[in-house]
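Structural description and commentary
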Amino acid sequence: MIPRHLLIAVAVLGIMALGMSLYVWSIRGTVVRTDASTPNTQPVARPAAGPSEQVTLYVAYDEGGTLRPQAARIPLPSGRQERAEELLRALVDIYLSKSSPHVLGAGSEIRGVYLADPGLAVIDLNAAFANGHRSGVLVEELTLSSLVATLSANIPAITRVKILVDGKERDSLAGHVDLTAFYDVSRMNQLVNQLSAEP
Amino acid sequence: MKRSYRSRSPRILGRLIALASVLVFSGSSPQKQLSVYSKAANYSVMVAEHNGMDYVGLLELLEPLGTVNARANGEHWKFRYNEVEAEFVAGQTRTRVRGGELNMPANFVLENGRGLVPISSLITLLPQILGGSITLNLSGRRLFVGDVAIHFTAAVGKGDPPKLVMNFGNPVNPMIATEPGKLQLVFTHDAVVSPGSQTLTFDNKAIPSATFEESNGTAILQVTTTVPAMASFSNDGRTITVTPASTPVLPAHAPSPIPPFAPPTVAPPAAASSAAGTPVRRHVFAVIDAAHGGDERGAALTGQLQEKDVTLAFARRLRELFGLRGISALLARDGDLTLSLDQRAAMSNASGAAIYIAVHATSEGNGVRLYTALMPSGGGNQGWFLDWETAQSSFDGLSQIAATSVAKGLESKRVSVRTLIAPLRPLNNVVTAAFAIEIGPTGDDVSQLSSAEYQEKLAEAVVSGVEDVRDQLEARRK
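Now for a look at the structure at hand.

Procedures and definitions
Residues numbered from 1 in each chain as written. Chains lettered and ligands numbered in written order. Predicted model: local features only at pLDDT ≥ 70, side-chain atom pairs only at ≥ 80, totals over all residues. Contact = placed C-beta atoms within 7 Å. Helix = DSSP H or I, 4+ residues; strand = E, 2+ residues; numbered from the N terminus. Nonpolar A, V, L, I, M, F, W, Y, C, P; charged D, E, K, R; others polar. Pairing = 2+ DSSP bridges. Axes fitted to C-alpha atoms, helices over the stretch in contact; angles between N-to-C directions. Parallel < 35°, antiparallel > 145°, perpendicular 65-115°, else oblique. Left-handed = near helix turned anticlockwise from the far one by under 90°. Buried ≥ 20, exposed ≤ 12 C-beta atoms within 10 Å, placed from the backbone.

The next point concerns the interface of chain A and chain B. Contacts between the two partners involve 26 residues from chain A, matched on the other side by 24 residues from chain B. Secondary-structure elements contributing two or more residues to the side of chain A that touches chain B are α4 (137–154), β6 (183–184) and α5 (185–196) of chain A. Considering every element that reaches the side of chain A that touches chain B, the biggest residue donor is α4(A), with five residues. In terms of residue class, the side of chain A that touches chain B is made up of twelve nonpolar, seven polar and seven charged.

And the structure:
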């Protein structure tokens, strides 16, 4: 014989479970409708830390195949490495914008910049950056020189640069420009000068 | 702190996934595939394993050959190929095709709506579905639909130097690799079949034998050699000739040999030829390197036009024009071949050429760009041995002279031209004057890149520019 109070407890729990199920079922549709109509409230810009500073970004322009220095004010953190990362991210943001003068593939990102003594900067791109990059000698070297020139113009004492993709060495950016080597900033500046001159 | 959490957690997750991928996939064997050869298309489909047997998706297998559709209903899977209907039941060997019953050697597998049949069942299934004969090589995983097999003969002539001449029933385009003692031709999309015997023996000391093997959807013809050898194509890809590498055939108009792999070490050209103690070679003036090729297509210039095809056509045109001026020129590749950048540089360095010209093509920009090497960091030469990464350093000035002269030639033809430095391998590995040319259309019409008229105009300007500085280039070589 099952005690009466147990039967009552089971009955109450069953009613509660049924009620909860009905409630969940009724709000399921509401959530879907709310999601569809509510605008995305995620921040579109990265949270910035630090005061805004004037920097020089070397921006690539596909039209004419040139590289042009461009002044910009961006919030920069105090750490040297973090500053380097924010600089390049600001540059990539320009390339990913609607009015981009040098279109990069969707999802292109700077994963990180690592500064090692003496004077070595390692730029780590994400896979989407390289995989989505257009293929061609000039278009690839515009990207490479833009990254290197922006970094070396704003972060003192960088003398050599190495590019990684997803933390690993890659043969080329998109079939042409070599990424296996370390590049001297002084030699890269020769290229920057050539690309800065109107063809 | 919040920003740090947001930005780092996906990276950590990404690294964990990457690590897991490495652990899972390291040491794994190549993906199993079944190659299909037919009059409509040659292609490969992935093979899945179930209960120790090889299976293949029937829909993917037949899609390139006709109109297919399939519908899963519970355990039943209805399949239609053109007008032919078939029905399979998951977990059963019995199937219905064209209204008749067939038995498969193993159960049908239904996986996420995808119908998989054992490869061994294709021998009975496909003739019913396709309404024609097929040949299936189970161990090599190669399927021939209809009469598409390419037969070949191979024989070594009595001449000196010895030549292994292989004649194929249709044009072929194998990948070629060389290593000491063997030259390997890998046919991935050619329906080449065994000549009857798996081992061919030739009464020749330099090229004593060859073996034919079919494995994982490819056919591999391995030529055993006692001397370094190279292969060349002729007869529109129907003939492949293997000759000892020490006796290259370098007429200006003939197909060029495929370079054997040479280790990435550099020595001055004069020293290289004399130190080896080999007979003095006929000198090549120019090595023309059509960039990309084989598996590496380069840029997709249009939906149909690939960079590797434009570069090869333009390289051939350059060779022809050099030849007309009595200048010997060698193509680094004279077919759709995969060559590494090191192989290209090694070939140029070994040839002792006075100039190396790499050819690229682009759909962007206006006109032509010429590039000389942007040297990377390094430069630690060791005595006679040059640093591979910066081997071009001492030829930089000469390369600039050549590029400037070619730029003048192009300007005289009213072609827009720009000269730049570029971190573009293998320019930095080449021990002679070296530049790359990237040809682009003059406007928005990218098809201009494959126009014979446009290529001829550019090629004439390039050859003319190089010829103008020929003496300086030759002087450095001497």
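All names here are of chain B. Spatially, β16-β17-β20-β19-β18 is the arrangement adopted by the five strands of the open sheet, whose pairing is antiparallel. Edge positions in the sheet fall to β16 (175–179) and β18 (199–201), since each of these pairs with one other strand and no more. Across the sheet, the mean angle from the axis of one strand to that of its neighbour is 15 degrees, orientation sign disregarded. Two strands pair when backbone bridges link them, and β18 and strand β19 (residues 209–215) are joined in this way by three bridges, in the antiparallel orientation.

Below, the discussion takes up the packing of helix α5 (residues 307–324) of chain B against helix α8 (residues 452–468) of chain B. Residue and element names in this part refer to chain B. Across the interface, α5 lies against α8 with an axial gap of 9 Å and an inter-helix angle of 50 degrees. What the angle tells us is that α5 and α8 run oblique. As for the relative orientation of α5 and α8, their crossing is right-handed in sense. Taken together, the residues of α8 that come into contact with α5 (itself represented by Ala 313, Phe 314, Arg 317, Leu 318, Leu 321 and Phe 322) are Gln 455, Glu 456, Ala 459, Glu 460, Val 462 and Val 463. A class-by-class count of the residues in the contact of α5 with α8 yields eight nonpolar, one polar and three charged.

Looking now at unusual backbone geometry. Residues and elements named next belong to chain B. That bond from Arg 425 to Pro 426 is cis: its omega, 5 degrees, falls within 30 degrees of zero. Its identity as a non-glycine residue notwithstanding, Asn 51 has a phi of 50 degrees, on the positive side. If you trace the backbone, Asn 51 turns up in the loop between β3 (48–50) and β4 (53–57). At His 292, a position not held by glycine, the phi torsion is positive, near 65 degrees. Considering the arrangement of structural elements, one finds His 292 in the loop between β23 (286–290) and α5. A residue is classified by how many C-beta atoms lie within 10 Å of it, and His 292, with 27 of them, is buried.

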